[in-house]
Amino acid sequence: MARRMAPRPDFSLEAAHPGPVAGVDEAGRGPLAGPVLAAAVIFPGQPPEELAALLDDSKRLDAAKREAAYAALIGARAAGTALISVGAASAGEIGRLNILRATHLAMLRAVSRLPVAPSLALVDGNAPPRLGCAVRCVVGGDGLSLSIAAASIMAKVVRDRAMARLGARWPDYGFARHAGYPTPAHREALARLGPTPHHRRGFSPVDQAVLALS
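Values in this document were obtained by computation on a predicted structure and should not be read as measured data. (Residues numbered from 1 in each chain as written. Predicted model: local features only at pLDDT ≥ 70, side-chain atom pairs only at ≥ 80, totals over all residues. Heavy atoms only, no water.)

### Points about helix H5 (residues 99-112)
No. 1: Here H5 spans 20 Å end to end across 14 residues, near enough to the 20 Å set by a 1.5 Å rise per residue.
No. 2: Turning to H5, its buried residues number three or more, namely Ile 99, Ala 102, Thr 103, His 104, Ala 106, Met 107, Ala 110 and Val 111.
No. 3: Contact partners of the buried residues in H5: strand E1 (21-27), strand E2 (36-42), strand E3 (83-89), helix H4 (91-97) and strand E4 (120-124).
No. 4: With a side-chain oxygen lying 3.1 Å from the backbone nitrogen of Leu 100, the N-terminal cap of H5 falls on Asn 98. (Helix = DSSP H or I, 4+ residues; strand = E, 2+ residues; numbered from the N terminus. Expected span 1.5 Å × (residues − 1). Buried < 20%, exposed > 50% of the residue type's maximum accessible area, 1.4 Å probe, protein only. Contact = heavy atoms within 4.5 Å. Polar contact = N/O pair within 3.5 Å; in protein donor to acceptor, adjacent residues only side chain to side chain.)

This is the structure:
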């Protein structure tokens with residue numbers, strides 16, 4: 001039996017709306033450390049075929065393909081065929097607000113930094129944030145919408161680069177390898193060394209490490 005191919009994202013959701021449409025997605029809800037990143041992307045028109053061919057749910061792309069898509073999106077922004085912005089919420093904000101509210105804050109920051117205000121935001125997932133415009137949640141949207149797919153790639157690459165920079169400052173934790181996710185090596189370092197200022201309070205392994213070392 002032939003293996004069924006996953007559908008590729010297209011521009012149909014964006015084209016159905018008469019005004020500017022932003023795709024919005026996040027990266028980094030699950031890690032124990034680092035910020036949550038959100039990106040917003042508006043394509044003023046149908047993206048060029050060569051760009052669209054590079055875009056997909058960032059989780060379906062390996063690192064090399066994500067980097068190629070990221071570079072193409074940066075080129076599209078320079079050419080005026082894509083409007084792109086990013087926003088973040090810090091580990092401290094995550095601890096104060098909880099991860100869902102901090103994610104929505106990062107999304108709001110990303111959308112507010114776009115050079116053109118969208119009249120509709122297509123948001124990956126099922127929890128609508130308040131973004132100052134109409135919002136449509138699209139479950140699995142990073143595999144359905146080109147603008148959401150682009151946002152997922154931007155958020156993932158920008159966050160991974162930020163975690164690599166943190167890894168250089170805190171080399172014993174391996175942030176560049178696991179981007180703050182709760183891998184066995186990360187959990188071991190956290191238990192042995194305790195949390196950094198970039199670990200998220202309110203996440204059980206982090207709070208347990210604080211208690212164990214206090």
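The discussion continues.
### Remarks on the environment of Ala 39
No. 1: Locating Ala 39 in the fold gives a position in strand E2.
No. 2: Judged by its relative accessible area of 0%, Ala 39 is buried.
No. 3: When the C-alpha atoms of Ala 39 and Pro 128 are compared, they prove to be 15 Å apart, with 89 residues separating the residues in sequence.
No. 4: Apart from the residues lying within four places of it in its own chain, the contact partners of Ala 39 are Gly 23, Val 24, Asp 25, Ser 85, Val 86, Ala 110, Ala 151, Met 154 and Ala 155.

### A short note on the packing of helix H8 (residues 184-193) against helix H9 (residues 204-213)
No. 1: Contact geometry of H8 with H9 gives a least axis separation of 8 Å together with a crossing angle of 30 degrees. Considering the angle they form, H8 stands roughly parallel to H9. Counted together, Arg 187, Leu 190, Ala 191 and Leu 193 of H8 and Pro 205, Val 206, Ala 209 and Leu 213 of H9 form the full contact between these two elements.
No. 2: In terms of residue class, the contact of H8 with H9 is built from 7 nonpolar, no polar and 1 charged. (Axes fitted to C-alpha atoms, helices over the stretch in contact; angles between N-to-C directions. Parallel < 35°, antiparallel > 145°, perpendicular 65-115°, else oblique. Nonpolar A, V, L, I, M, F, W, Y, C, P; charged D, E, K, R; others polar.)

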